[in-house]
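Structural characterization, general
Each chain, letter by letter, is given below.
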Amino acid sequence: MSQIAINTSQNVNINFITASIGERILAYIIDGAIKVAYIIAAFYIFFSILNLGYLLDGLDQWSQMAVYIAITLPVSIYPVVLESLMEGQTPGKKLLKIRVVKIDGYQASFGDYLIRWVFRLIDTTFAGVVGLISMIISKNNQRLGDIASGTAVISLKNNINISHTILENIHEDYIPSFPQVIGLSDNDMRIIKDNYIKALSVDDRQVITKLSEKIKSILKLEIDPTKMTERQFIGIIIKDYNYYTGKDN
C-alpha cells in the first residue's frame, strides 16, 4: 500500500495509508447498491403504495421527466450530501473504513466535496475507466475529482485519527470544562489553534489576549482571570473541542 504524507499547518508530517483502488471500487459498489435500493423503494411507493402513477398521464414528456428527476434526485446528490454530513464518508466508505481528506491536513469542506461530485461526471465516463486510469497513474491514487479539489482518500485502518491534524490528544480520563465549544466548527478550531501556536512561538501576548477575548465573546463565557490564565483557557478550549467532537476510527 502507498502512503501519503500530510503536512499540517504546524509543519508536522503525518503518514497515512491511501485507500487502495479495490477499497474505493468496493465502497462505490456498496453505495451503488444503496442507490438502487432507494430507486426501487421510491418508485414502488410512488406507483404501488400511493398509486400516483395516474398523475403522469396528463403531463407532457418534459413534465414527466421533471417528476422522475425529482424522485431520483437523492441518488444524484447522494455523494456530496453524505460526504458533507459524514465528514468525508458515505455508507460505503464507512464500511470500508476510508475517508476523504484534504492533503493539507484539514477537514475537507463542502466546496471540496462539491468539486469531487462535479468531476464524478468525468471520472465515471466509459464505465469509470477515466477515474480508474487517473487513480492508477496518480501519485496518491487520486481520481480527477480528488486532484481538482486537493483531496485524497485515506484508509482509517492504521489507527490514526484525521482530527489529530487540527486538534489535541487528550487522556481518556480527561474532564471537559466548557461544553459551549460544541458551537464551534472545525474551521473555527483550525483558526484558533493556528493563531494560538503562532502566538506562542513568538510569545505574542497581544494576539493571545485578543484570541482569548474573541473566544469568550463567541461562546459567551465569563472567566475569572485569577483562576485561569488566557493561555490555560485557550488550551482547555482546544482540548474540550477534541473531547466533544472526537471521531472514532
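Treat the numbers as computed from the prediction; the structure is a model and nothing was measured.

Conventions we followed
Residues numbered from 1 in each chain as written. Predicted model: local features only at pLDDT ≥ 70, side-chain atom pairs only at ≥ 80, totals over all residues. Heavy atoms only, no water. Helix = DSSP H or I, 4+ residues; strand = E, 2+ residues; numbered from the N terminus. Contact = heavy atoms within 4.5 Å. Areas by Shrake-Rupley, 256 points an atom, 1.4 Å probe, with all protein chains shown as cover. Phe/Tyr/Trp six-rings, centres within 6.5 Å; stacked < 30°, edge-to-face > 60°. Axes fitted to C-alpha atoms, helices over the stretch in contact; angles between N-to-C directions. Parallel < 35°, antiparallel > 145°, perpendicular 65-115°, else oblique. Left-handed = near helix turned anticlockwise from the far one by under 90°. Nonpolar A, V, L, I, M, F, W, Y, C, P; charged D, E, K, R; others polar. Expected span 1.5 Å × (residues − 1). Buried < 20%, exposed > 50% of the residue type's maximum accessible area, 1.4 Å probe, protein only. Arc of directions from axis to C-beta. pLDDT = per-residue confidence, 0-100. Core = buried A, V, L, I, M, F, W, Y, C linked by side-chain atoms within 4.5 Å.

Helix and strand counts for the chain stand at nine helices and four strands. Along the chain, helices (α) and strands (β) appear in the sequence β-β-α-α-α-β-α-α-α-β-α-α-α when read from the amino end. Across the chain, the fraction of contacts at a sequence separation of at least 24, relative to all contacts at a separation of at least 6, is 68%. Surface summary for the chain: the accessible area is close to 14100 Å², and the carbon and sulfur share equals 62%.

With that out of the way, let us pick up the packing of aromatic side chains. Counted under the stated rule, the structure contains six aromatic pairs. For the ring pair F43 and F47, a centre distance of 5.9 Å and an interplane angle of 5° mean the geometry is stacked. With F43 and F47 both in helix α1 (residues 21-49) and four residues apart, the pair spans about one turn of that helix. An aromatic cluster of at least three residues, connected via ring pairs, comprises F43, F46, F47 and Y68.

Attention now goes to the packing of helix α2 (residues 61-85) against helix α4 (residues 110-123). Between α2 and α4, whose axes approach to 9 Å, the crossing angle comes to 155°. Here α2 lies roughly antiparallel to α4, going by the angle between them. α4 is crossed by α2, and the crossing has right-handed handedness. Two secondary-structure elements touch here, α2 through S76, I77, P79, V80, E83 and S84 and α4 through F110, Y113, L114, R116, W117 and R120. Its residues assigned to classes, the contact of α2 with α4 comprises seven nonpolar, two polar and three charged.

This brings us to helix α5 (residues 125-137). Compared with an ideal rise of 1.5 Å per residue, which puts 13 residues at 18 Å, α5 spans 17 Å between its outermost C-alpha atoms and is within 8% of the ideal. Among all positions of α5, only G131, S134 and M135 are buried. All buried residues of α5 lie within an arc of 100° about the axis, which places them on one face of the element. Seen from the buried face of α5, the exposed residues on the opposite side, beyond 90 degrees, are F126, A127, I136 and I137. Against the buried residues of α5 lie α1, α4 and α6 (144-149).

Moving on: the pairing of strand β3 (residues 98-102). Regular strands have side chains that alternate between both faces of the sheet. Within β3, five of the five residues are buried, which leaves it mostly tucked inside the rest of the structure. Judged by which residues are buried, β3 turns out to be covered on both faces: I98, V100 and K102 on one side and R99 and V101 on the other are all buried.

Take the confidence of the model for the chain next. Counting all residues, the mean pLDDT for the chain is 85, and 86% of those residues have values of 70 or more. When the criterion is pLDDT under 50, residues 159-164 qualifies, and its contacts beyond four places in sequence or with other chains add up to 13 contacts.

Its 29 residues give α1 an end-to-end C-alpha distance of 40 Å, which sits within 8% of 42 Å, the value for a rise of 1.5 Å per residue. Restricting attention to buried positions, one finds in α1 the residues E23, R24, A27, D31, K35, A42 and F46. Immediately downstream of α1, the backbone of N51 shows phi near 50°, a positive value.

Next up on the list: the environment of G183. Tracing the backbone through its elements, the reader meets G183 in the loop between β4 (151-155) and α7 (186-201). Remark: the alpha-carbon pair of G183 and L219, spanning 36 residues in sequence, is separated by 7.5 Å.

A separate point is the nonpolar core. With 18 residues, the main nonpolar core has L184, I192, I215, F233, I234 and I237 as its most contacted residues. At the level of secondary structure, the elements contributing two or more residues to this core comprise α7, α8 (205-219) and α9 (230-245). Considering each element in turn, this core owes the most residues, five residues, to α9. With sequence-adjacent residues up to four places away left out, I192 is seen in contact with L184, L211, I215, I234 and I238.

Both trends apply: most residues other than glycine have a negative phi, and most peptide bonds are in trans. Even without a glycine there, the phi angle at K97 is positive, about 55°. Among the residues examined, K97 registers a relative accessible area of 40% and is labelled partly exposed. Unlike most non-glycine residues, A127 shows phi in positive territory, near 60°. With relative accessibility at 82%, the residue A127 sits in the exposed group.

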